[in-house]
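Below, each chain spelled out in residue letters.
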Amino acid sequence: MAGIATLNSTPVTVIAQVKGRNLEENKKTNFSMPHPEGYRKALRLAYQAEKFHRPVICFVDTPGAFCGVEAEKRGQGEAIAKNIAEFMTLKTPVISVVLGEGGSGGALALAVCDELAMLEHALYSVISPREKEAADLMKITADDLYNFGVCDKIISESVGGAHTDPAQTADNISEYLISAVERLSKLDIPTLLDNRYKKFRKIGVFS
């Protein structure tokens, strides 16, 4: 899903992965696993946002990109890689919010940004974990990733999880986004791109 919205009177481009609330909705949304065309659409909208100086807001909620043979034939890997490369040099603010699952290349393709925020119970990983023990070892929670410097902001959820009070969680997300857009929009483009480059250069441990 993608479109133009207004955030506190500022036009923004919103790119989102849609997840269903039940089995039927999940079937319609392919269980929130985008096809290559979805990432190409996202990039096209990002270019448009750059042209018209609109900040880009990405909502990430996917177990990963669709892993079918047909998706691979249509260039799944190339589509994800191009998004990662092009978002790195996009000349407009980019903010990504992980709502629930942020799995594998499906998440990475929309998570090259100036600031990455996560709901407090969300997960984000370069591969899709399948077992709790593996997830614990991989350190993929919001708290873990904030401590590593991967996540820039943890957004509070309602007691018991975001689903118990979606309106309150939405208000918390909105409050963060208004602040982030205002803050990042004040930066000139060379500074914005330099900060984005440094953000990703410092991630990881090297010896």
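Relevant structure appears above.
Residues numbered from 1 in each chain as written. Predicted model: local features only at pLDDT ≥ 70, side-chain atom pairs only at ≥ 80, totals over all residues. Heavy atoms only, no water.

Participant: Break down the pattern of salt bridges for me, with residues and values.
Facilitator: The full count for this structure, using the stated rule, is 12 salt bridges. Several salt bridges converge on common partners, so that one network encompasses K19, D61 and E101. (Salt bridge = Lys/Arg side-chain N within 4 Å of Asp/Glu carboxyl O.)

Participant: Tell me what's going on with the packing of aromatic side chains, and back it up with residues and numbers.
Facilitator: Applying the stated criterion to the full structure yields zero aromatic pairs. The cationic tip of K199 hangs over the ring face of F200; the distance from NZ or CZ to the ring centre is 5.7 Å. (Phe/Tyr/Trp six-rings, centres within 6.5 Å; stacked < 30°, edge-to-face > 60°. Lys NZ or Arg CZ within 6 Å of the ring centre and 35° of its normal.)

Participant: Explain helix 8 (residues 166–185) residue by residue, including any values.
Facilitator: The end-to-end C-alpha distance of helix 8 is 28 Å, a good match for the 28 Å that 20 residues give at a rise of 1.5 Å each. Those residues of helix 8 that sit buried are T169, N172, I173, Y176, L177, A180, V181 and L184. All buried residues of helix 8 lie within an arc of 160 degrees about the axis, which places them on one face of the element. (Helix = DSSP H or I, 4+ residues; strand = E, 2+ residues; numbered from the N terminus. Expected span 1.5 Å × (residues − 1). Buried < 20%, exposed > 50% of the residue type's maximum accessible area, 1.4 Å probe, protein only. Arc of directions from axis to C-beta.)

Participant: If you had to explain helix 9 (residues 189–201) to someone new, which residues and values would you point to?
Facilitator: One turn of an α-helix holds 3.6 residues; hence residues three or four places apart share an orientation. Counted at 1.5 Å a residue, the expected span for helix 9 with its 13 residues is 18 Å, and the 18 Å between its end C-alpha atoms agrees. Residues of helix 9 that are buried: L192, R196 and K199. The arc that holds the buried residues of helix 9, viewed along the axis, is 60 degrees, so those residues lie on one side. Along helix 9, the residues that are exposed and aim more than 90 degrees away from the buried face are P190 and R201. Buried positions along helix 9 lie against helix 4 (76–88), strand 4 (94–103), strand 5 (115–119) and helix 8. (Contact = heavy atoms within 4.5 Å.)

Participant: An account of the pairing of strand 3 (residues 56–62) is requested, with residue identities and associated values reported.
Facilitator: In terms of burial, strand 3 is largely enclosed, as seven of its seven residues are buried. Looking at chain direction, strand 2 (residues 10–16) and strand 3 are connected through four bridges and run parallel. Within strand 3, the position partnered with A16 by the bridge is F59. Judged from the six bridges that link them, strand 3 and strand 4 form a sheet pairing that is parallel. Looking across to strand 4, one finds that F59 is bridged to V97. (Pairing = 2+ DSSP bridges.)

Participant: Please give an account of the nonpolar core that cites residues and values.
Facilitator: The biggest cluster of nonpolar side chains holds 49 residues, and the ones touching the most others in it are F87, Y124 and L177. Every residue in contact with L177, bar those within four places of it in the chain, is listed here: L7, I57, F59, I95 and V97. (Core = buried A, V, L, I, M, F, W, Y, C linked by side-chain atoms within 4.5 Å.)

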